[in-house]
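Reading the structure
If you want the building blocks of each chain, they are given just below.
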Amino acid sequence: MRHKEYLSLAIPLMLSTMTTPVLGAVDTAVVGHVSGATYIGAVAIGSLIFSTIYWLFGFLRVSTSGFSAQAVGKGAKEELLHALTRPMFLALLVGVSFILLQWPIGKIALMVIKPSQEVQELAVNYFYIRIWGAPFALITYVILGFLIGTGRVKVSLFLQIGMNVVNIALDFLFVQGFGWAVKGVAFATLIAEVSGAVVGIIIIAQTFNLSLKKWSFGSTADFASLKKMLEVNRDLFIRTFCLIVMYNMFTAKGADFGTEILAANAILLQIQFIMAYCLDGFANATSIVIGRAVGGNNESLYNKGLSLTIYWGLIVVCFLSLCYFFIDSALFSLFTNDMSTIEAAKEYSFWLTLFPFATGAGLLFYGVFTGATRVKPIRDSTIFALFFFLASYFLLPPFYGNHGLWIAFLVFNAGRSLFLVASLPNLKKQVLTKGMSV
């Protein structure tokens, strides 16, 4: 594995992960140009509900990527088939459950968010249309994970871009052409999700020689294999839940400091997500390399994957921090022209300069552990980090205000990084055995 090979995986994966926020942004922008603030609010609330649901089940992509990369490393076609069908069955089961439970899910979500009556009526229309895409959206997670794990990163990128193009085109057609407003946005996203799943299945069927003659429900439902998959997914689910708790508490505390600080924090968090997406692309590349090394019991590839992760991780972390340091004011202007909000963002901008250094190891080594499908340390690191975040959250803001809140945010990310770094030495002993390939 050379630097060029690693980057050929990392760069498309980085671009792929950065397409994630595009769907919601396009929905909001299109409806915002033809309708009022009420419509924007309805789409924002509807998108928030689905973002939370799908984020919780994002483990379907991550775990599928790890298991399929290991199957490639072993050269085991039957295991590769199961790496696809097992999580796809789970995705279908969960997606159908969302459809069956759509009424209580919608009611509870709107009770928690508490929008105005006018916004709520429109958000309900959005929710009850888009919920029918849940099985397809979750199946697409599995398909993307499978494509990434098998090294088809450019195909996964084109699939995601294709979904976005379909969504954008239908947004303009339904909203501006047919005047369907919020319903048009919902139908556009629903069709994009369905088409993504269907096209993804066709791509896999044509690209991989995975004969269903070797498939049986009994082998797919093998207890030991299912147990391992569910344990990995359970731990990743807990990790994501902890992240959601942290971000929600952070946002809520920012709101306590006033509207300007709330808006400034929202802008800074959006920039933080962009940085995280960049690092996540390299983590996904690492997951592929480590997964193949573990599957093939290849110590040399494992060591090379780790060294490439550290080498390029340091470069990317320094690059992100320096870029942000020099262009932060210009970035703020892209989000708003309100000078008071921009000035508030500038006051707390320094903390975001430190963010890549605090979170870099945590995000990059996340790829090492997911590739090895040993995710208990990931779960534990997030629980550990949440504990220290809570301590900082209650101790620092009363004395240091929003500065204290941002320190707590960095403590959380640094905690994840330190825990995974400490867990790394034992990982190699657990996943590689004697008689390793070199």
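Residues numbered from 1 in each chain as written. Predicted model: local features only at pLDDT ≥ 70, side-chain atom pairs only at ≥ 80, totals over all residues. Heavy atoms only, no water.

Section: the overall build of the protein chain
Looking only at helices and strands, the protein chain has 18 helices and zero strands in total. The burial tally for the protein chain puts 53% of its 438 residues in the buried class. Long-range pairs, those at least 24 residues apart, make up 84% of the contacts in the protein chain with a sequence separation of at least 6. (Helix = DSSP H or I, 4+ residues; strand = E, 2+ residues; numbered from the N terminus. Buried < 20%, exposed > 50% of the residue type's maximum accessible area, 1.4 Å probe, protein only. Contact = heavy atoms within 4.5 Å.)

Thoughts on the nonpolar core
Ranked by size, the top nonpolar core spans 125 residues in total, and within it Y302, W406 and F409 carry the most contacts. At 17 residues, helix α13 (residues 259–295) tops the list of elements feeding residues into this core. Leaving out residues up to four positions away in the same chain, F409 has contacts with M246, Y247, F250, L269, Q272, F355 and F389. (Core = buried A, V, L, I, M, F, W, Y, C linked by side-chain atoms within 4.5 Å.)

Quick word on the packing of aromatic side chains
This structure, assessed with the given rule, holds 30 aromatic pairs. Arranged with centres 5.4 Å apart and planes meeting at 45 degrees, the rings of F384 and F419 form a pair that is tilted. Of this pair, F384 sits in helix α17 (residues 376–395) while F419 sits in helix α18 (residues 397–431), placing them 35 residues apart in sequence. Both rings, one in F387 and one in F388, keep their centres 5.4 Å apart while their planes meet at 90 degrees; by these two values the pair is edge-to-face. One aromatic cluster is present, built from ring pairs that chain together F50, Y54, Y126, F127, Y128 and Y141. (Phe/Tyr/Trp six-rings, centres within 6.5 Å; stacked < 30°, edge-to-face > 60°.)

Points about a nonpolar patch on the surface
On the surface, L173, F178, W180, F187 and I191 cluster together to form a nonpolar patch covering roughly 440 Å² of accessible area. Note that W180 resides in the loop between α9 (153–177) and α10 (181–207). Of the residues examined, W180 reaches a relative accessible area of 38% and is grouped as partly exposed. (Patch = residues over 30% accessible without salt bridge, like charges linked within 9 Å, V, L, I, M, F, W, Y side chains within 5 Å. Areas by Shrake-Rupley, 256 points an atom, 1.4 Å probe, with all protein chains shown as cover. Salt bridge = Lys/Arg side-chain N within 4 Å of Asp/Glu carboxyl O.)

Quick notes on unusual backbone geometry
Residues other than glycine seldom take positive phi values, yet A181 does so here, at roughly 50 degrees. Relative to the elements of secondary structure, A181 occurs in helix α10. A residue is classified by how much of its surface remains accessible, and A181, at 15% relative accessible area, is buried. One non-glycine residue, T373, adopts positive backbone phi at about 50 degrees. Position of T373 relative to the elements: it lies in the loop between α16 (349–371) and α17.

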